[in-house]
Amino acid sequence: MRVLVTGGAGYIGSHIVCELNSKTDYEVVVVDTMEKGSEINLFSKNEFIKGDIADDVVLKKVFSKKVDAVFHFAAWKGAGESMILPEKYSMNNLIGTLKLLTAMSENKTKYIIFSSSAAVYGSPKYLPMDELHPLSPENYYGYTKLAIEENLKWYDKLRGIKSACLRYFNAAGYDTKGRVRGLENSPANLLPVIMESAIGMRTGFEIYGEDYDTKDGTCVRDYIHVTDLAIAHLKSLEYLLKTDESLIVNLGSGEGFTVKEMVSATEKILGKTVPHKIVGRRAGDPPVLVASAKKANELLGWKAIESTPDILISSMWEIYKSYSK
């Protein structure tokens, strides 16, 4: 089976490629602009095409041979940036995906696994958040993810393209076998920011608010190991092939940890203090975000295995410490 991985040199995409490479069933072609991707995350056994999925020439090259399925990670993901530069997110996330879907339709590619986000929900109305939770994104990035989900429903009805929309919570961690070694480019999430501070790439980091109604006043988040994510993607493709039915599921651990808990766990594992300071709340940060992944467990037989704080942090440190200044 020949599969396309868009954004396959990026943090999450490269882990999916790594998981695909561990199987014998897949011939992988990676498309990445390399604006956020890392060359060290490209594996020699795979075909690589440098370019943008919004580029007709690139799409023509990709689909010059049959593509059986697509794993789609080529998207900008900065929630804050999306509120300042919505045009950037429109062109890449929306237009790029629609051009990809057009190419899939024209070339009879029937399956797509889409990297969606918990950002489609907005602030929680109840916890844990399941797939029936109201959809009310609070930033333009989240809106683009929801808009793509809606388009995928139409392409299912009109073109028979079956999709798996996987709504991630907080992706973190690194491949525990050390096969993926490229650092995430300009991360905004907590754990990579802590790691960059620990190795001297940053002078420190900020904790946004300590006056929330949580156990220690800092925000609670559901962290999901990227290897658990990768396994869920392959299980999703297997589900589409077996059932020929689209699906939408959350991917999370079902557990929440505060920012201070993650900082303390990191400092314990690293054996040193990581410089940081408390600042005011950041607009749009809900106090608590925790997933219900019951549907993924029932439909895919999937469960987060490696998403404990110890595994998340230690697997990241194994990679980041080699970049220490």
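Residues numbered from 1 in each chain as written. Predicted model: local features only at pLDDT ≥ 70, side-chain atom pairs only at ≥ 80, totals over all residues. Heavy atoms only, no water.

## Some remarks on the environment of alanine 54
- Its location among the elements puts alanine 54 in the loop between strand E3 (47–50) and helix H2 (56–62).
- Residue classification places alanine 54 among the partly exposed residues on the basis of a relative accessible area of 24%.
- Between the alpha carbons of alanine 54 and serine 253 there is a distance of 34 Å; along the sequence they are 199 residues apart.
- The contact partners of alanine 54, leaving out residues within four places of it in the chain, are Gly96 and Lys99. (Helix = DSSP H or I, 4+ residues; strand = E, 2+ residues; numbered from the N terminus. Buried < 20%, exposed > 50% of the residue type's maximum accessible area, 1.4 Å probe, protein only. Contact = heavy atoms within 4.5 Å.)

## Quick look at the pairing of strand E11 (residues 247–251)
- With respect to burial, E11 is a largely interior element, five of its five residues being buried.
- The alternating pattern of E11 places Leu247, Val249 and Leu251 and Ile248 and Asn250 on opposite faces, both of which are buried.
- Summarising the sheet, strand E6 (residues 162–168) and E11 pair through five bridges and their orientation is parallel. Along E11, the bridge assignment pairs leucine 166 with valine 249. (Pairing = 2+ DSSP bridges.)

## Topic: the packing of helix H6 (residues 190–198) against helix H10 (residues 309–320)
- Packing of H6 against H10 brings their axes to within 10 Å, and their N-to-C directions diverge by 45°. With respect to H10, the axis of H6 lies oblique. Crossing geometry of H6 relative to H10 is assigned as right-handed. Mapping the contact onto sequence places Leu191, Pro192, Met195, Glu196 and Ala198 in H6 and Leu312, Ile313, Met316, Trp317 and Tyr320 in H10.
- Among the residues forming the contact of H6 with H10, the class breakdown is nine nonpolar, no polar and one charged. (Axes fitted to C-alpha atoms, helices over the stretch in contact; angles between N-to-C directions. Parallel < 35°, antiparallel > 145°, perpendicular 65-115°, else oblique. Left-handed = near helix turned anticlockwise from the far one by under 90°. Nonpolar A, V, L, I, M, F, W, Y, C, P; charged D, E, K, R; others polar.)

## Some points on the side chain of arginine 167
- Within the secondary structure layout, arginine 167 lies in strand E6.
- Separated by 2.7 Å, the side chains of arginine 167 and glutamate 149 make a polar contact.
- Ignoring any residue separated from it by four or fewer positions in sequence, one finds arginine 167 in contact with Ser116, Ser117, Ala118, Val120, Tyr121, Glu131, Leu135, Glu149, Ile248, Val249, Asn250 and Leu251. (Polar contact = N/O pair within 3.5 Å; in protein donor to acceptor, adjacent residues only side chain to side chain.)

## Some details on the pairing of E6
- With seven of seven residues buried, E6 lies mostly within the body of the structure.
- Burial along E6 is two-sided: the residues Lys162, Ala164, Leu166 and Tyr168 and Ser163, Cys165 and Arg167 are all buried.
- Summarising the sheet, strand E5 (residues 111–117) and E6 pair through seven bridges and their orientation is parallel. By the bridge assignment for E6, isoleucine 112 is matched with serine 163.
- Of the crossover connections in this fold, the one passing from E5 over helix H5 (residues 140–159) to the parallel E6 is right-handed. (Right-handed = clockwise from strand over helix to strand, strands pointing away.)

## A short note on helix H8 (residues 259–270)
- The end-to-end C-alpha separation of H8 is 16 Å, in line with the 16 Å expected for 12 residues at 1.5 Å each.
- All of the buried residues along H8 are Val259, Met262, Val263, Ala265, Thr266, Glu267 and Leu270.
- Of the surrounding elements, those touching the buried residues of H8 are H6, strand E8 (205–208), strand E10 (223–225), strand E12 (257–258), strand E13 (276–279) and H10.
- One or two residues past the end of H8 sits glycine 271, with phi positive at roughly 70°. (Expected span 1.5 Å × (residues − 1).)

## Focus on the nonpolar core
- Residues Ile12, Leu20, Phe71, Leu191 and Leu251 are the most contacted members of the largest nonpolar core, which totals 65 residues.
- Per-element accounting of this core gives the leading share, eight residues, to helix H7 (residues 226–243).
- The residues contacting phenylalanine 71, other than those within four sequence positions of it, are Val3, Leu4, Val5, Thr6, Ile16, Leu20, Ile113, His233 and Leu237.
- Core analysis: the second largest hydrophobic core is formed by 26 residues, Val31, Val58, Met104 and Ile148 among them. (Core = buried A, V, L, I, M, F, W, Y, C linked by side-chain atoms within 4.5 Å.)

## Focus on the layout of surface pockets
- Looking at the second largest pocket, its volume works out to about 170 Å³.
- What lines the second largest pocket is a set of 14 residues, and nearest its centre among them are Gly252, Ser253, Gly254, Lys303 and Ala304.
- A per-class count over the lining of the second largest pocket returns four nonpolar, six polar and four charged. (1 Å grid on protein atoms, 1.4 Å probe; cavity = no way out; pocket = protein on both sides within 12 Å on 5 of 7 lines; lining within 4 Å. Points joined across faces, edges and corners; volume = space filled by probe spheres on them.)

## Describing the environment of valine 259
- Secondary-structure assignment places valine 259 in helix H8.
- Residues valine 259 and glutamate 210, 49 residues apart in the sequence, show an inter-C-alpha distance of 9.3 Å.

These figures come from the coordinates and say nothing about function on their own.
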